[in-house]
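# Analysis of the macromolecular model
Residues per chain, in single letters:
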Amino acid sequence: MATVHKGASIVPSKLELVTAWMPDQRWYAAKGRAPQLERVGGFRFEDPEGQVGVEVILVADRAASPPVVYQVPLSYRGAPLEGAEHALIGTMDHSVLGPRWVYDGPHDPVYVAGLVDTILTGGQSDDGQASQGSNALAVGRPTGLTTGTVTSSKVLTGEQSNTSVICRMGARDGGPAEPLIVKVFRIVQDGENPDVAIQSALTQAGSTRVPAAFGHLSGAWDDPAGSGAEQHGELAFAQEFIPGVEDAWRVALVAAASGTDFTGRARELGMMTAEIHESLAATLGREDASAEAQEALLRSMRARYAAAVADVPELAVRASDVEALLGRLSSVAWPPLQRIHGDYHLGQVLDVPERGWVALDFEGEPLRPLAERVRPDLVHRDIAGMLRSFDYVAGSVRLSGRASTDDTTDAPSAWAARCRLAFVDGYGSVAGELDADDRTLVRVLELDKALYEVDYEARNRPTWLPIPVEAVGRILSEKGPTR
């Protein structure tokens, strides 16, 4: 058992080390600004060998307004961790223990083992024993679908907002166990995490259209606004790991570039999407669309159009067309609202042999506030998101020049059009054919998504900007609801 040495001096301090390290992390939101960190919570995991200190600190960054709360797992070692040079946060001198090497926790097997064990057993962490900020314990919430202990772990690279760790597992009796992947949320927010809530609900309903949810870690921290109250939320999420598969984006991209028919797979994808929506409605319920919800959509779309015009001024000439399309919302019958995916595209779907399409990452659109992402919404938003994704495949093929030379000059666009029709047809075969009002809602939300894409591409990938700009023009030029 590791001992916490109260009153020991540490140079540099933990916050000083993290402050210097954090700006270079992909998940740090306040790019270009120096963090101003304050501890608002934290807890510890015990190392059974008593050699490694494992602490999770929750820090509020006051360089952002409002402050953003980050989760930073740390491990403290008396010697360097072999092979983890890239995860070294820094070194410190401890007045009792001497030199300490401090690592980003997800790269340290001791932290990962403690995290997964707490989640799967329904255990709780140890007290953080800090003088500043909450020391509330973190608690595991297992679904009971798997057990075992971590035998090895590997951090996935390339993620923007979270850190995911693939864990090879061993059964408690010594045999092999099912592998899992645990997602550590770097930015934590007060309230329900939609990825945890929706995927857990689908797992509980017996759906095989999502990776099985194995459990999550809940925690608490001081309100960074200084209200004196505690905030509560999910800190990590363990789920089924599906190895050796490709996402639907890569599968579709190969088909589009070669001119291979993809309508059958697109129809299956539409059917799977409808199955998920029906399961979510049955598990989490539906509610009528209020006048406030309708007004909120109009406000959001007008704000997105303004942002798109700021990025691409030539879109300003379409202002009357945007308002004309938005005006049609007042004459359509809105269906009940329900929980949806919220950021649905081909990259959020896996192609799993003998299982079919499997959807993942139900966190919702990253730029939307959490309060918006957990609200019931129109299923049409997910339909529109996938239709835009097929258009993106075609645009990517055109930009790269990878289209088959044996086809027509606009073969990628024709390929996408066929896939879009097949997807909608598949959706309708399960949920009922889309009527004129449904198609209007899809068209409006396609425009909403395309305007979001204009803003995103202008800021991040300017060479891809023609894809959403052309889509805005196409959607606004359509004379009526499209099938």
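All figures in this text were calculated on a predicted structure; none of them were measured in a lab.

Pairing is antiparallel across the open sheet formed by three strands, whose spatial order is β15-β18-β19. Whereas interior strands pair on both sides, the edge strands pair on one side only; in this sheet they are β15 (246-247) and β19 (356-359). Note: β15 against strand β18 (residues 349-352), two bridges, orientation antiparallel. For Asp247, the partnering residue across the bridge sits in β18 and is Leu350.

Scanning the model with the defined rule gives ten aromatic pairs in all. With a centroid separation of 5.7 Å and 45° between ring planes, the pair formed by Trp27 and Tyr70 is classed as tilted. Placement of the pair is Trp27 in the loop between α1 (14-21) and β2 (37-45) and Tyr70 in strand β4 (residues 68-77), with a sequence separation of 43 residues. Comparing Trp27 with Tyr70 shows no difference in burial state: the two are buried. A connected cluster of aromatic rings, assembled from ring pairs, spans Phe262, Trp357, Phe390, Trp415 and Phe423. Over the ring of Trp464 we find Arg461, and its NZ or CZ is 4.1 Å from the ring centre.

Here the focus is the sheet that holds strand β14 (residues 230-240). Taken in spatial order, the six strands line up as β8-β13-β14-β11-β10-β9 in an open sheet, and their pairing is antiparallel. Both outer strands of the open sheet, β8 (139-142) and β9 (149-155), are each paired with one neighbouring strand and no more. Within this sheet the neighbouring strands show an average axis-to-axis angle of 25°, counted without direction. The sheet contact formed by strand β10 (residues 162-170) and strand β11 (residues 176-185) spans eight bridges and is antiparallel. The partner of Ser164 across the bridge, within β11, is Lys183. Along the sheet, helix α2 (residues 109-121) makes contact with β8, β9, β10, β11, β13 (213-222) and β14, crossing β11 at roughly 100°.

Right, let's talk about the nonpolar core for a bit. Membership of the largest hydrophobic core comes to 71 residues, with the highest contact counts inside it found for Phe262, Leu269, Phe390 and Trp415. In terms of nonpolar packing, the next biggest core, distinct from the first, is built from 37 residues, Leu120, Cys167, Phe214 and Leu235 among them.

Criteria and thresholds
- Residues numbered from 1 in each chain as written.
- Predicted model: local features only at pLDDT ≥ 70, side-chain atom pairs only at ≥ 80, totals over all residues.
- Heavy atoms only, no water.
- Pairing = 2+ DSSP bridges.
- Helix = DSSP H or I, 4+ residues; strand = E, 2+ residues; numbered from the N terminus.
- Phe/Tyr/Trp six-rings, centres within 6.5 Å; stacked < 30°, edge-to-face > 60°.
- Buried < 20%, exposed > 50% of the residue type's maximum accessible area, 1.4 Å probe, protein only.
- Lys NZ or Arg CZ within 6 Å of the ring centre and 35° of its normal.
- Axes fitted to C-alpha atoms, helices over the stretch in contact; angles between N-to-C directions.
- Contact = heavy atoms within 4.5 Å.
- Core = buried A, V, L, I, M, F, W, Y, C linked by side-chain atoms within 4.5 Å.

The quantities given are spatial measurements derived from coordinates; they are silent on function.
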